[in-house]
Amino acid sequence: MDYRVVLLIGAAVTALFPAVGGAQEGDATAGATVFKKCATCHIAESDTNKVGPSLNKLFGRKAGTHPDFAYSAGMKAAGEGGLVWDETVLRDYLHNPRAKVKGTKMAFVGLKDDQEITDLIAYLKQYSQ
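This structure is a prediction, so every number in the text was calculated from the model and none was measured. (Residues numbered from 1 in each chain as written. Predicted model: local features only at pLDDT ≥ 70, side-chain atom pairs only at ≥ 80, totals over all residues. Heavy atoms only, no water.)

## Here's the deal with the environment of Gly110
Now for step 1: Topologically, Gly110 is positioned in the loop between α6 (97-100) and α7 (114-125).
Now for step 2: In this structure, the C-alpha to C-alpha distance between Gly110 and Tyr93, residues 17 residues apart in sequence, is 7.7 Å.
Now for step 3: With sequence-adjacent residues up to four places away left out, Gly110 is seen in contact with Leu94, His95 and Pro97. (Helix = DSSP H or I, 4+ residues; strand = E, 2+ residues; numbered from the N terminus. Contact = heavy atoms within 4.5 Å.)

## Overview of the packing of aromatic side chains
Now for step 1: In total, this model carries four aromatic pairs according to the counting rule given.
Now for step 2: With centroids separated by 5.1 Å and ring planes inclined at 40°, the aromatic side chains of Phe35 and Tyr123 adopt a geometry described as tilted. With Phe35 in helix α3 (residues 28-35) and Tyr123 in helix α7, this pair connects stretches of sequence that are 88 residues apart.
Now for step 3: Judged by centre distance (4.8 Å) and plane angle (70°), the ring pair of Phe69 and Tyr71 falls under edge-to-face.
Now for step 4: One aromatic cluster is present, built from ring pairs that chain together Phe35, Tyr123 and Tyr127. (Phe/Tyr/Trp six-rings, centres within 6.5 Å; stacked < 30°, edge-to-face > 60°.)

## Some remarks on the layout of surface pockets
Now for step 1: A volume near 540 Å³ is recorded for the largest pocket.
Now for step 2: Secondary structure elements with two or more residues in the lining of the largest pocket: α5 (87-95) and α7.
Now for step 3: Of the residues in the lining of the largest pocket, the class split is 18 nonpolar, six polar and three charged. (1 Å grid on protein atoms, 1.4 Å probe; cavity = no way out; pocket = protein on both sides within 12 Å on 5 of 7 lines; lining within 4 Å. Points joined across faces, edges and corners; volume = space filled by probe spheres on them. Nonpolar A, V, L, I, M, F, W, Y, C, P; charged D, E, K, R; others polar.)

## Overview of α7
Now for step 1: Taking 1.5 Å per residue, twelve residues should reach 16 Å; α7 reaches 16 Å between its end C-alpha atoms and fits that length.
Now for step 2: Every buried residue of α7 is listed here: Ile117, Thr118, Asp119, Leu120, Ile121, Ala122, Tyr123 and Leu124.
Now for step 3: Turning to α7, the residues buried within the fold contact α3 and α5.
Now for step 4: At the N-terminal boundary of α7, the capping side chain belongs to Asp113, with an oxygen 2.8 Å from the backbone nitrogen of Gln115. (Expected span 1.5 Å × (residues − 1). Buried < 20%, exposed > 50% of the residue type's maximum accessible area, 1.4 Å probe, protein only. Polar contact = N/O pair within 3.5 Å; in protein donor to acceptor, adjacent residues only side chain to side chain.)

## Section: helix α4 (residues 73-80)
Now for step 1: Taken together, the buried positions of α4 are occupied by Gly74, Met75, Ala78 and Gly79. Projected down its long axis, α4 carries its buried residues within an arc of 135°, all on one side. Exposed side of α4, more than 90 degrees from the buried face: Ala73 and Glu80 are the residues found there.
Now for step 2: Buried residues belonging to α4 abut α5.
Now for step 3: In the stretch just after α4, Gly82 is the one whose phi turns positive, near 105°. (Arc of directions from axis to C-beta.)

## A look at the nonpolar core
Now for step 1: Phe35, Met75, Leu83, Trp85, Leu90, Leu120 and Leu124 are the most contacted members of the largest nonpolar core, which totals 26 residues.
Now for step 2: Secondary structure elements with two or more residues in this core: α3, α4, α5 and α7.
Now for step 3: At five residues, the largest contribution of residues to this core is made by α7.
Now for step 4: For Phe35, the contacting residues outside a window of four places in its chain are His42, Ile43, Ala44, Leu55, Leu120, Tyr123 and Leu124. (Core = buried A, V, L, I, M, F, W, Y, C linked by side-chain atoms within 4.5 Å.)

## So, the pattern of salt bridges
Now for step 1: Applying the stated criterion across every chain yields a total of four salt bridges.
Now for step 2: Residues Lys37 and Glu116 are paired through a salt bridge, measuring 3.1 Å at the closest nitrogen-oxygen approach. You can see Lys37 sitting in the loop between α3 and α4 and its partner Glu116 sitting in helix α7, a full 79 residues away along the chain.
Now for step 3: For Glu116, a relative accessible area of 25% puts it in the partly exposed group.
Now for step 4: Among the salt bridges present, the one from Arg91 reaches Glu87, with a minimum N-O distance of 3.7 Å. One end of the pair is Arg91 and the other is Glu87, both in helix α5 and four residues apart, which spans about a single turn. (Salt bridge = Lys/Arg side-chain N within 4 Å of Asp/Glu carboxyl O.)

Now the structure itself:
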């Protein structure tokens, strides 16, 4: 088979199924709507703690280390054990916080819709640059 045909087929598959070609991109605007579920306890736009820690500059931060926040022993232990917030870790956590970090005091049950999580991550990434 001609390599150009193979490349053309590969390009077509990637165009039709973008998740196959790489990481799925989220919609930060839709993520802002999803964040409303989080906004009672968290803020992303500034480095201010509320009931939950600030999510400003979250990506790359070791779990349980935001200044002036009283974390649960479970969250502190997760950070001490090497948990650092990246897209994969946050995705797992958002699906089921209590399964990802045993002993977390976050009462939120999690998000079940993968697209909502992808959009929320896109929204939070704006505040981690």
